[in-house]
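# Topology and contacts: notes
Listed here are the chains, written in short residue letters.
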Amino acid sequence: MLRSAAFSAIRRASARPNVAAKNAVYQAARGMASAASGDSVTFEFCDKTFEGYNIDIPSRSITLTKEEAISMYREMQMVRRLEMAADSSYKHKLIRGFCHLCTGQEAVPVGLEGAIVKEDAVITAYRCHGFTYMRGAAPFGILAELMGRKEGVSKGKGGSMHMYAPNFYGGNGIVGAQVPLGAGIAFAQKYNNEKTCTFALYGDGAANQGQVFEAYNMAKLWDLPVIFVCENNKYGMGTAAGRAAANTDYYTRGQYIPGLRVNGMDVLAVRQAAAYAREYAINGNGPMVLEMKTYRYGGHSMSDPGTTYRTREEIQHMRSTSDPITGYKHRLLEAGVISEEDLKAIDKEAKKIIDEALAKAKAVPEPDAHELWDDVYVKGTEVPYLRGRVPEETHYYNVD
């Protein structure tokens, strides 16, 4: 019934200007309306927002304060602007090496952070800039790190794939390797009797790794408080998910672990699912698998144009019908949470903050060469020496 109403809205809008048609598409994707009352606002989800495997789905409504609702819009704009700055800097050769952007996937880090507490842990793969920011790193530190500057979050030595923040364990460059690490973090949380959990994220391209299933097994054996999150953006590098996986219902692949498929382009749905999974895990029920159905607008990395294995029309269709920021903007306006003018002010402020952070990061020098030997070992635990490229570059520790 909801779907019929949604498609009727699209048909009615087809004879109107393009703006009206786009609004109808976004409304169809949401499926249901929202209502504001006092300082809070309630949003409804359509019946396709969640799909469960061996578990009930979360509530189809979510209530937030207006401040919380506006904050999520602001944070998605910040992540989008941060990635735009990284894109531009890479093209101007200020950033070298690998650089994986999450443009289009902003709802996942923002929605996730809105559902958890600072004491919870997050670990992900190399598309990590948005998570690094949401876990508390400043845009300046992230951009400085991307450019290899000494005041970056990893002192200019980690780059795009190795960024850290409080209870954020990276940024990991080895495909799938962060998943068992996430199970290990959850083991420590359970061992220490903490009322916290770990979100271990990976992409659909990593979902076939053996270590992922090993982590599933250990997590269920010990009922660890870990939520395995597959960010399914439809392509593992340049390979469509269906060409690489016999089963693309990633939320069912835990077998003995319950799962939930989520509309990962809807920041509210991500928040609702993450809160639901967290509550399940911290109350001794063990792990859960979440599949976030999302989409990246750019290529796998900056070296990938992203159009050799998919059409430009497909990308434009996703931008025009499923963009997480535009879609959420319509919901806020529809609910009367904020005015169009105030949203534009938020957009302008986000651009200003990122532009200033970028300018500041550009002015920071690179680390000195001698700092390459620092932070390899914790002080007091160093080996006698570390070899360089040639014998003359051997570095000796603890030598006065």
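Throughout what follows, the structure given in this document is the object of discussion. Please read these numbers as outputs of a predicted model, since none were measured by experiment.

Here is what the cut-offs are and how they apply
Residues numbered from 1 in each chain as written. Predicted model: local features only at pLDDT ≥ 70, side-chain atom pairs only at ≥ 80, totals over all residues. Heavy atoms only, no water. Helix = DSSP H or I, 4+ residues; strand = E, 2+ residues; numbered from the N terminus. Expected span 1.5 Å × (residues − 1). Buried < 20%, exposed > 50% of the residue type's maximum accessible area, 1.4 Å probe, protein only. Polar contact = N/O pair within 3.5 Å; in protein donor to acceptor, adjacent residues only side chain to side chain. Pairing = 2+ DSSP bridges. Axes fitted to C-alpha atoms, helices over the stretch in contact; angles between N-to-C directions. Contact = heavy atoms within 4.5 Å. Core = buried A, V, L, I, M, F, W, Y, C linked by side-chain atoms within 4.5 Å. Salt bridge = Lys/Arg side-chain N within 4 Å of Asp/Glu carboxyl O.

## Focus on helix α10 (residues 267-285)
The end-to-end C-alpha distance of α10 is 25 Å, a good match for the 27 Å that 19 residues give at a rise of 1.5 Å each. Buried within α10 are the following residues: V267, L268, A269, V270, R271, Q272, A273, A274, A277, R278, A281 and I282. Where α10 begins, the capping side chain belongs to D266, and its oxygen is found 3.0 Å from the backbone nitrogen of L268. In the segment just after α10, G286 is the residue with positive phi, at about 90°.

## Concerning the pairing of strand β11 (residues 288-293)
Counting buried residues along β11, five of its six residues qualify, which places the element largely inside the surrounding structure. Sheet topology places strand β7 (residues 226-232) next to β11; six bridges connect them, and they run parallel. The residue bridging V229 from the neighbouring strand is L290, located in β11. Pairing analysis gives five bridges linking strand β10 (residues 259-263) to β11, with the strands arranged parallel.

## With respect to the sheet that holds strand β5 (residues 121-123)
Spatially, the six strands line up as an open sheet ordered β3-β10-β11-β7-β6-β5, and their pairing is mixed. Edge positions in the sheet fall to β3 (50-53) and β5, since each has one partner strand and no second. Neighbour-to-neighbour, the strand axes of the sheet open up by a mean angle of 20°, direction not taken into account. Lying on the sheet, helix α7 (residues 178-191) is in contact with β5, β6 (198-203) and β7; it crosses β6 at an angle near 175°.

## Details of the environment of C128
Checked against the element boundaries, C128 lands in the loop between β5 and α5 (129-134). For the pair C128 and M161, spaced 33 residues apart in sequence, the C-alpha separation works out to 6.8 Å. Leaving out residues up to four positions away in the same chain, C128 has contacts with S160, M161, M163, F168 and G171.

## Concerning the nonpolar core
If you look at the biggest cluster of nonpolar residues, it comprises 76 residues, and the most contacted ones within it are L143, F199, L268, Y328 and L332. Of the residues forming this core, the biggest block, ten residues, is contributed by helix α3 (residues 66-91). Residues V212, A215, L224 and F228 belong to the second largest nonpolar core, which totals 23 residues.

## Here we look at the pattern of salt bridges
One pass over the structure, following the stated rule, counts 18 salt bridges. Note that D223 and K220 form a salt bridge whose closest N and O atoms lie 3.5 Å from each other. Taking relative accessible area as the criterion, D223 reaches 28% and is therefore assigned partly exposed. Here the salt bridges share partners, and the residues they tie into one network are E51, D249, R261 and E291.

So, to be careful, I would describe these as geometric facts and stop short of saying anything about function.
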